[in-house]
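# A structural walkthrough
The chain contents come next:
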Amino acid sequence: MRKYKIAVIKGDGIGPEIVDEAIKVLDAVSVKEGFELSYKEYLMGGAAYDVFGDPLPEETVEGAKNADAILFGAIGGEKWDSLPRDKRPETGLLKLRKALGVYANLRPVTVYDELINASTLKPEVIKGVDLLVVRELIGGIYFGQPRAFEEDRAYNTMVYTKAEIERIAKIAFEIAQKRRLKVTSVDKANVLEVSQLWRETVEEVAKDYPEVTLEHMYVDNAAMQLVRDPKQFDVILTGNIFGDILSDEASMLSGSIGLLPSASVGDKHGLYEPIHGSAPDIAGQGIANPIATIASASMMLRYQVGEDKAADRIDRAIKRVLKEGYRTKDLSGFDAKEIVTTNEMGSLIAQYASED
Ligand code: NAD
């Protein structure tokens, strides 16, 4: 029997509620497809700070490193906002990504036909959008040295090495090979030397993937094109800060933050999490949308452990609940036939994912 160890980090706010639903669905599909998942829980973020005085205890890093994959909810909340930066939940997450060497953040954006009216954009612009942002996650200006906050000036450094660009570019081209064979590399090469190196390096990597079309786009233009004609994109490849901004912009094409999954992968490890935060405003009320986390669990099966059939089951089940009009409260205004709780949504998806 195929067996996989999953490190589970539920985190803060709605984290525990949504991760529980993802586990329910994972259990259902693993039984159906004949593999076994074992889970071990670790604390991170505010929950870890409250117990250990540290948002990322060593035990969590070790547990994550020893697992086959990591399923993560979300961290953060007002309660911990006034802590010094190194004690804050968000610092724990940045450190975990770095410790795991997960340099590629993958964010697929799919527009579900049933929710086409949930977007602020016109239906004809977004119908059929299916793109994936590949963002470099552990380099660039968020990590570059030197950095400083001085009395009357402050600075950060945007730096990329050729090796860092090569490895993220390879991921984008490999994924494009399994999709629609197009990579749009986004940079600011007309102004920044670091982007010039980015562009040259991506061109070199592209030579190994002759069947994939490469185009370059300046980041300001890309921001505009994403709302003008998002269907032109297949895989968007970009650096850390540009990717941070563009992937949030792209997420709104689908209309709800509660739907979108993500994966952060490296050569060895993979961390799978919804793109949204811990939503403290709705925590504990049973109204959070678990779909983004359940879809992240599907990505985990597909990209980390190669259980594609089980992932297909989950993706089909998500489409079916939406088609049948089941909605959590965040989507209640969009062709809803029945408003369901977090728990009911998880159970429905688990049930549909088990059916043949
Ligand atoms: P958020 O994503 O938590 O919430 C934004 C809005 O979207 C809120 O109104 C929330 O209720 C809603 N929302 C989010 N997820 C939802 C879901 N699954 N179902 C229904 N509604 C949902 O962003 P925020 O309010 O800016 O941040 C809250 C906390 O989360 C902060 O402490 C922030 O630092 C943290 N955060 C964590 C992560 C992470 O863990 N990766 C990411 C972003 C923000």
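Residues numbered from 1 in each chain as written. Predicted model: local features only at pLDDT ≥ 70, side-chain atom pairs only at ≥ 80, totals over all residues. Heavy atoms only, no water.

## Notes on the domain arrangement of the chain
Basically, it comes down to this: In this document the domain limits rely on a domain assignment from an automatic tool or a database. Contacts are residue-level and defined by heavy atoms, with any inter-residue pair within 4.5 Å sufficient. As used here, buried area is the combined drop in accessible area, with a 1.4 Å probe, of two parts when they are placed together. Any N or O atom pair separated by 3.5 Å or less is treated as a polar contact, with the protein-specific requirement of one donor-capable and one acceptor-capable atom, and with residues adjacent in sequence counted only for side-chain atom pairs. Put simply, DSSP marks the helices as runs of H or I at least four residues long and the strands as runs of E at least two long, and each gets a number from the N terminus on. In this classification, Asp, Glu, Lys and Arg are treated as charged, Ala, Val, Leu, Ile, Met, Phe, Trp, Tyr, Cys and Pro as nonpolar, and every other residue, Gly included, as polar.
One can read the domain layout of the chain as domain 1 (1–105 + 258–356) and domain 2 (120–254). Using only C-alpha atoms to locate each centre, domain 1 and domain 2 end up separated by 25 Å. With 13 residues of domain 1 in contact, the opposing surface of domain 2 contributes 13 residues. In total, about 1,300 Å² of surface goes out of reach between domain 1 and domain 2, with carbon and sulfur atoms giving 68% of it. For domain 1, the biggest contributors to the area lost against domain 2 are Lys98, Tyr103 and Asn105; these three give 51% of the whole. Our enumeration of links across domain 1 and domain 2 arrives at 3 residue pairs in polar contact (both at pLDDT 80 or more). Within the residue set of the side of domain 1 that touches domain 2, elements represented by two or more residues are helix H4 (89–100), strand S4 (104–110) and strand S11 (261–265). When grouped by side-chain class, the residues that make up the side of domain 1 that touches domain 2 number 8 nonpolar, 3 polar and 2 charged.

## A closer look at the pattern of salt bridges
What counts is decided by this rule: Salt bridge criterion: a side-chain nitrogen from Lys or Arg within 4 Å of a carboxyl oxygen from Asp or Glu. Relative accessibility decides the category of a residue: with a 1.4 Å probe and only protein chains considered, values under 20% of the type maximum give buried, values over 50% give exposed, and everything between is partly exposed.
On inspection of all chains with the given rule, the structure shows 27 salt bridges. For the salt bridge of Glu90 with Arg88, the shortest nitrogen-to-oxygen distance reads 3.6 Å. Relative accessible area serves as the criterion here: at 33%, Glu90 is assigned to the partly exposed category. Judged by its relative accessible area of 23%, Arg88 is partly exposed. A salt bridge links Arg320 to Glu355, with the nearest nitrogen and oxygen atoms 3.0 Å apart. Of the two residues, Arg320 sits in helix H11 (residues 308–323) while Glu355 sits in the segment after helix H12 (342–354), which places them 35 residues apart along the sequence. Classification of Arg320 as partly exposed rests on a relative accessible area of 31%.

## Describing the packing of helix H1 (residues 15–33) against H11
In helix packing, the relevant descriptors are the interaxial angle and the interaxial distance, both defined with respect to the helix axes. Quick note on the threshold: Here, axes are lines fitted to C-alpha atoms. For helices the fit covers the stretch in contact, and angles between N-to-C directions go from 0 to 180 degrees. In this scheme, roughly parallel covers angles under 35 degrees and roughly antiparallel covers those over 145, while 65 to 115 is roughly perpendicular and the rest are oblique. It is the rotation of the near helix from the far one that decides the hand of a crossing: anticlockwise by less than a right angle makes it left-handed, clockwise makes it right-handed.
Contact geometry for H1 and H11: axes closest at 9 Å, N-to-C directions at 130°. The orientation of H1 with respect to H11, classified from their angle, is oblique. When you trace H1 past H11, the crossing you get is right-handed. Residues Val25, Val29, Lys32 and Glu33 of H1 touch H11, and the partners they reach there are Lys309, Ala310, Arg313 and Ile314. Its residues placed into classes, the contact of H1 with H11 shows 4 nonpolar, no polar and 4 charged.

## Focus: the nonpolar core
Rules: In plain words, nonpolar cores are sets of buried Ala, Val, Leu, Ile, Met, Phe, Trp, Tyr and Cys residues tied together by side-chain atoms within 4.5 Å.
Core analysis: the biggest nonpolar cluster contains 71 residues, and Leu106 and Val134 have the highest contact counts within it. Considering every element that reaches this core, the biggest residue donor is helix H6 (residues 162–177), with 8 residues. Of the domains in this structure, domain 1 (1–105 + 258–356) and domain 2 (120–254) are the two that each give at least three residues to this core. Excluding residues within four positions of it along the chain, Leu106 makes contact with Leu132, Val133, Val134, Ile171, Ile175, Pro261, Ser262, Ala263, Val265 and Met299. Grouped together as the second largest cluster of nonpolar side chains are 19 residues, Val111, Val129, Met217 and Leu253 included.

## Observations concerning the packing of aromatic side chains
What counts here: Here is the rule: rings of Phe, Tyr and Trp (six-membered ring for Trp) pair when centre to centre is within 6.5 Å. Planes less than 30 degrees apart are stacked, more than 60 are edge-to-face, and the remainder are tilted. Distance and angle both matter: a charge sits over a ring if NZ of Lys or CZ of Arg is within 6 Å of the ring centre and within 35 degrees of the ring normal.
With the rule as written, the count across this model stands at 3 aromatic pairs. Their ring planes at 15° and their centres at 5.3 Å tell us that Phe173 and Tyr209 sit as a pair that is stacked. Taken together, the residues span a long stretch of sequence, with Phe173 in helix H6 and Tyr209 in the loop between helix H7 (193–206) and strand S9 (213–218) at a distance of 36 residues. A single burial state applies to Phe173 and to Tyr209, both of which are buried. A cation over an aromatic ring shows up here: Lys98 above the ring of Phe143, its NZ or CZ 4.4 Å from the ring centre.

## A short note on the pairing of strand S1 (residues 2–11)
This is how it is decided: Two strands form a pair only when DSSP identifies at least two bridges running between them. When the strands point away from the viewer and the connection leading from the first strand across the helix to the second strand turns clockwise, the crossover is called right-handed.
Counted residue by residue, S1 has 7 buried out of 10 residues, so it is predominantly covered. Across 7 bridges, S1 lies against strand S2 (residues 35–41) in parallel orientation. The residue of S2 that forms the bridge with Val8 is Glu41. Once the chain exits S1 it traverses H1 before rejoining the sheet at S2, and the crossover so formed is right-handed.

## Some words on a nonpolar patch on the surface
Filter applied, for reference: The patches reported here contain residues having more than 30% relative accessible area and no salt bridge. Joining distances are 9 Å for like charges and 5 Å for nonpolar side chains (Val, Leu, Ile, Met, Phe, Trp, Tyr). Accessible surface is estimated by sampling points in the Shrake-Rupley manner with a 1.4 Å probe; for residues, cover comes only from the protein chains shown.
There is a patch of nonpolar side chains on the surface, built from Leu43, Val51 and Phe52 and spanning about 270 Å² of accessible area. Looking at the element boundaries, Phe52 is found in helix H2 (residues 46–52). Phe52 sits in the partly exposed class, given a relative accessible area of 42%.

## Digging into the site of the ligand
Put simply, the test is: Here a residue is considered near a molecule or strand provided that any single heavy atom belonging to it is located within 4 Å of it.
The immediate surroundings of the ligand are formed by 20 residues, with Ile75, Glu90, Gly277, Ala279 and Asn289 found nearest. In the model, an oxygen atom of the ligand is placed 2.9 Å from a nitrogen or oxygen of the Asp281 side chain. In isolation the ligand has 810 Å² of accessible area, and contact with the protein removes 68% of it. Each residue belonging to the shell around the ligand can be placed in one class, and the counts come to 9 nonpolar, 7 polar and 4 charged.

## Details of the side chain of Glu273
Following the sequence through the fold, Glu273 ends up in strand S12 (residues 270–274). Within the local environment of Glu273, its side chain forms a polar contact with the side chain of Arg97, the two groups lying 3.3 Å apart. Filtering out sequence-adjacent residues up to four positions away, Glu273 remains in contact with Phe72, Gly73, Leu93, Arg97, Pro261, Ser262, Ser264 and Ser296.

## A word on the sheet that holds S2
Strand order in the open sheet made by the 10 strands is S2-S1-S3-S12-S11-S4-S5-S10-S8-S9, with mixed pairing throughout. Edge positions in the sheet fall to S2 and S9, since each has one partner strand and no second. Looking at each pair of strands side by side, their axes are set apart by 25° on average, direction ignored. In this sheet, S12 lies alongside strand S3 (residues 69–74) in parallel orientation, the contact comprising 2 bridges. Within S12, the position partnered with Ile70 by the bridge is Leu271. Packing against the sheet, H4 makes contact with S1, S3, S11 and S12, and its axis sits at approximately 150° to S12. Contacts from helix H8 (residues 219–228) reach strand S5 (130–136), strand S8 (182–187), S9 and strand S10 (235–238), with the element oriented near 105° to S9.

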